[in-house]
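Letter by letter, the chains look like this.
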Amino acid sequence: MTEKIEMTRPLTQRLTRWKTSTIWRDSLHVGSRCLAAIFGGYLLAAVATILLAQILPLSQVDRVLTAMMLSFTVYTCTVLWVFSVKSMWRFWLDILALSGLLYLAYLATKALDINPIQGGGL
C-alpha cells in the first residue's frame, strides 16, 4: 500500500509543476491565437464581405462575387496578422474593433441608401 502512495506523489508533483510551467502558458497563447484566427478571421471576413457587397460600383451579381472572392484574402491576411502580433490582447482588440468599424460603415451605407448602380444585373 505504501508503495502506491509513494508512486503517485511524484506524479501529482509533476502535474503541479506542469500547470505552473511555461508550457501551460504557451499552449494557452497558441490556443487563443488559433481561436482568434479561426473565429475572428471569419467575423472580419464576413463583415468586410457585406460592406464590399454594398459599396462596390458594379452590378449586383458582380458586387457579390467580387466581395466573396475578396473575403478569402481578408481571412488569410487576418490569420497571418494574428500570428505575427506579439501581444495576446492586441489581436483580439484589433479584430473586434475593426469588425465593429466595418459594421458601422455598413450601417451608414444602409442608412444613407448608397447603391452605386441600381439594377444592371444579367
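Refer to the structure above for everything that follows.
The following refers to the structure shown. Keep in mind that this is a model prediction, so the values were computed, not measured. (Residues numbered from 1 in each chain as written. Predicted model: local features only at pLDDT ≥ 70, side-chain atom pairs only at ≥ 80, totals over all residues. Heavy atoms only, no water.)

## A few points about the overall build of the protein chain
- Helix and strand counts for the protein chain come out as four helices and zero strands.
- For the protein chain, the succession of helices and strands along the chain, N to C, is α-α-α-α.
- Across the 122 residues of the protein chain, 22% fall into the buried class.
- In the protein chain, the proportion of contacts linking residues at least 24 apart, taken out of those at least 6 apart, comes to 76%.
- Of the roughly 9000 Å² of accessible surface on the protein chain, 71% is carried by carbon and sulfur atoms. (Helix = DSSP H or I, 4+ residues; strand = E, 2+ residues; numbered from the N terminus. Buried < 20%, exposed > 50% of the residue type's maximum accessible area, 1.4 Å probe, protein only. Contact = heavy atoms within 4.5 Å. Areas by Shrake-Rupley, 256 points an atom, 1.4 Å probe, with all protein chains shown as cover.)

## Regarding helix H4 (residues 88-111)
- Compared with the 34 Å implied by 1.5 Å per residue over 24 residues, the 35 Å span of H4 between its first and last C-alpha is a close match.
- Along H4, the residues that are buried comprise Phe91, Ile95, Ser99, Leu102, Tyr106 and Thr109.
- Two or three places before Trp89, at the opening of H4, Ser87 has a side-chain oxygen 3.4 Å from that residue's backbone nitrogen.
- Two residues or fewer past H4, Asp113 is found with a positive phi of approximately 55 degrees. (Expected span 1.5 Å × (residues − 1). Polar contact = N/O pair within 3.5 Å; in protein donor to acceptor, adjacent residues only side chain to side chain.)

## What about the nonpolar core?
- Grouped together as the largest cluster of nonpolar side chains are six residues: Leu44, Val47, Ala48, Leu51, Leu102 and Tyr106.
- Aside from chain neighbours lying at most four places away, what touches Val47 is Ser99, Leu102 and Tyr103.
- Counting residues in each nonpolar core, the second largest holds five residues, with Ala37, Val82, Phe91 and Ile95 among its members. (Core = buried A, V, L, I, M, F, W, Y, C linked by side-chain atoms within 4.5 Å.)

## A short note on the pattern of salt bridges
- Throughout the structure, instances matching the rule amount to one salt bridge.
- Put simply, Asp94 and Arg90 hold a salt bridge, and the shortest N to O gap is 2.6 Å. Placement of the pair is Asp94 and Arg90 together in helix H4, with a separation of four residues, close to one helical turn.
- Judged by relative accessible area, which is 22%, Asp94 ranks as partly exposed. (Salt bridge = Lys/Arg side-chain N within 4 Å of Asp/Glu carboxyl O.)

## Overview of the packing of aromatic side chains
- Scanning the model with the defined rule gives two aromatic pairs in all.
- Geometrically, the ring pair formed by Tyr103 and Tyr106 is tilted, given 6.0 Å between the ring centres and 35 degrees between the ring planes. You can see Tyr103 and its partner Tyr106 sitting in helix H4, three residues apart, about one turn around the helix. (Phe/Tyr/Trp six-rings, centres within 6.5 Å; stacked < 30°, edge-to-face > 60°.)

## Focus: the side chain of Thr78
- Along the polypeptide, Thr78 turns up in helix H3 (residues 60-82).
- When its relative accessible area of 5% is taken as the criterion, Thr78 is described as buried.
- Polar contacts involving the side chain of Thr78 include one to the main-chain carbonyl oxygen of Val74, which spans 2.7 Å.

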